[in-house]
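Letter by letter, the chains look like this.
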Amino acid sequence: MALENSKFLFERSLARIPGGVNSPVRAFGAVGGTPVFFREGRGAKVIDVDGREYIDYVLSWGPLILGHADAQVVDAVQRTAARGLSFGAPTELELEMAELLTASLPSLEQVRLVSSGTEAVMSALRLARGFTGRDVIVKFEGCYHGHSDFLLVKAGSGALTFGNPTSAGVPADIVAKTVVLEYNNPAHLEELFARHGSTIAAVVLEPVAGNMNFVKPTLEFHQVLRRLCTQHGAVLVFDEVMTGYRVAAEGAQGLFGITPDLTTLGKVIGGGLPVGAFGGRRDIMAKLAPLGPVYQAGTLSGNPVAVSAGLATLKRVLAPGFFDRLGATSAKLVAGLEKEARDAGIAFSTASLGGMFGFFFRSAAPRTFAEAMDSDREAFKRFFHAMLDRGVYLAPSAFEAGFVSSAHGEAELAATLSAARAAFAEIRSG
Ligand SMILES: *Cc1c(COP(=O)(O)O)cnc(C)c1O
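Under an unreviewed UniProt entry, the chain has the name Glutamate-1-semialdehyde 2,1-aminomutase and belongs to Usitatibacter palustris. The Sequence similarities (unreviewed entry) field of the UniProt record for the chain holds the comment "Belongs to the class-III pyridoxal-phosphate-dependent aminotransferase family. HemL subfamily."

Here it is in structure tokens:
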């Protein structure tokens, strides 16, 4: 496949940018080959620097829920930018965003804006520690919460031991207060809280996991978690950076009927520009500076241009019927993929929720990190490239969720499924 200009730009990038990319998964390390450099996006499609068009199921890793270069979003950004890019002082747009977020997610009494998901989670957990006066943070294997030091951690040797760093540069001391448990395993939670309940500041999770491919929670897992946190006075933090305004207008928390103490947001709330947020119970939020002793700040926090893109996006996403249509699109996509794989005799399974989906080269959809890892990665790699060759851009890793936008319609679905039919046939024939 002709990727001449991408190859040329990637060669140049390798000289001046580590690995040629500004975020590791973009380097195509898991699938091999040259990362595609994009020149333009329009609706459901992206166009690369060689002029090839692709149907995009990455959507900037989730934010672009209306598709690329949506006219209303672009217009909002242009108008706001023309009046000044940043003030480092309060603006009405931030207030509008805070009111919209708290009105749509009932667990949010107050909210503070930041500039990334990483920052949102890091700040929420500092706040949880400051509020409880405790140190231990519990997370789950396969959940990603950004790249702050104390969250770059994997399970230790036993189920209930403290974690080990997953990145060089993270001292063991820094992760010594982070415990990693198995997702969807309420028994592990019961055991941990029985032993260490009074030291746990917070439990943080992706309420639907989208960073080990796509793994749905069980309702029991959520309910046990909520009960234990309440009983032991630990702060329950839903990291909805990916799922917020992506699986439903009321987030995963609304879908499952769970009220977290704190929620983190990002991705869709910036509509493609850098916006993150964390919020929740008023008594907890009152511990934040300048009201309370927990420090948190940001030069560009609540940036008006970024917030205007988010507001223009959220107003459309919150309109009645939006998620019915989006959910129907992803359900139809994965049902079609499953049928094509079955017709080709390939072990394959799928799952979807709202505008998020996953597909797996294994016979049943995974419920844990171990199950997600246990899939045919070679088959994924070949499928990825076979689809790319046919103009479908999927996430370049078997462990990322996929996304659809409101710009993905019947024509895109039909083209994707016909590409998939040919791709499955290609990988089956070796
Ligand atoms: C993407 C993501 C983050 C990190 O957000 P950044 O904006 O990349 O820093 C945190 N948590 C979850 C669940 C995410 O999907």
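### Some remarks on the site of the ligand
In the neighbourhood of the ligand, the contacting residues comprise Ser116, Gly117, Thr118, Tyr144, His145, Gly146, Glu206, Asn211, Asp239, Val241, Met242 and Lys267. At 2.6 Å from an oxygen atom of the ligand is found a side-chain nitrogen or oxygen belonging to Thr118. Between the ligand and Asp239, the relevant distance is 2.7 Å, taken from a nitrogen atom to a side-chain nitrogen or oxygen of the residue. Summarising the interface, the protein chains cover 83% of the accessible area of the ligand, which totals 380 Å² for the free molecule. Partitioning the shell around the ligand into residue classes produces three nonpolar, six polar and three charged.

### Quick look at the environment of Glu53
Along the chain, the position of Glu53 falls in strand 3 (residues 53-56). We classify Glu53 as partly exposed; its relative accessible area is 43%. Not counting residues up to four positions away in its chain, the partners in contact with Glu53 are Lys45, Val46, Ile47 and Gly391.

### Description of the packing of aromatic side chains
Tallying each qualifying case throughout the model produces 19 aromatic pairs. Here the aromatic rings of Phe28 and Phe384 are separated by 5.3 Å at their centres, their planes lie at 85 degrees, and the arrangement is edge-to-face. One end of the pair, Phe28, is in the loop between helix 1 (4-16) and strand 1 (38-42); the other, Phe384, is in helix 13 (residues 377-389), and 356 residues separate them in sequence. Each member of the pair, Phe28 as well as Phe384, is classed as buried. Note on Phe38 and Tyr54: the rings are 5.9 Å apart at their centroids and 85 degrees apart in plane angle, and the pair reads as edge-to-face. With Phe38 in strand 1 and Tyr54 in strand 3, this residue pair connects regions lying 16 residues apart in the sequence. Taken together, the ring pairs connect Phe28, Phe348, Phe359, Phe361, Phe380, Phe383, Phe384 and Phe424 into an aromatic cluster.

Cut-off values and rules
Residues numbered from 1 in each chain as written. Predicted model: local features only at pLDDT ≥ 70, side-chain atom pairs only at ≥ 80, totals over all residues. Heavy atoms only, no water. UniProt positions renumbered as here; feature names shortened; annotations may be inferred. Near = heavy atom within 4 Å. Polar contact = N/O pair within 3.5 Å; in protein donor to acceptor, adjacent residues only side chain to side chain. Areas by Shrake-Rupley, 256 points an atom, 1.4 Å probe, with all protein chains shown as cover. Nonpolar A, V, L, I, M, F, W, Y, C, P; charged D, E, K, R; others polar. Helix = DSSP H or I, 4+ residues; strand = E, 2+ residues; numbered from the N terminus. Buried < 20%, exposed > 50% of the residue type's maximum accessible area, 1.4 Å probe, protein only. Contact = heavy atoms within 4.5 Å. Phe/Tyr/Trp six-rings, centres within 6.5 Å; stacked < 30°, edge-to-face > 60°.

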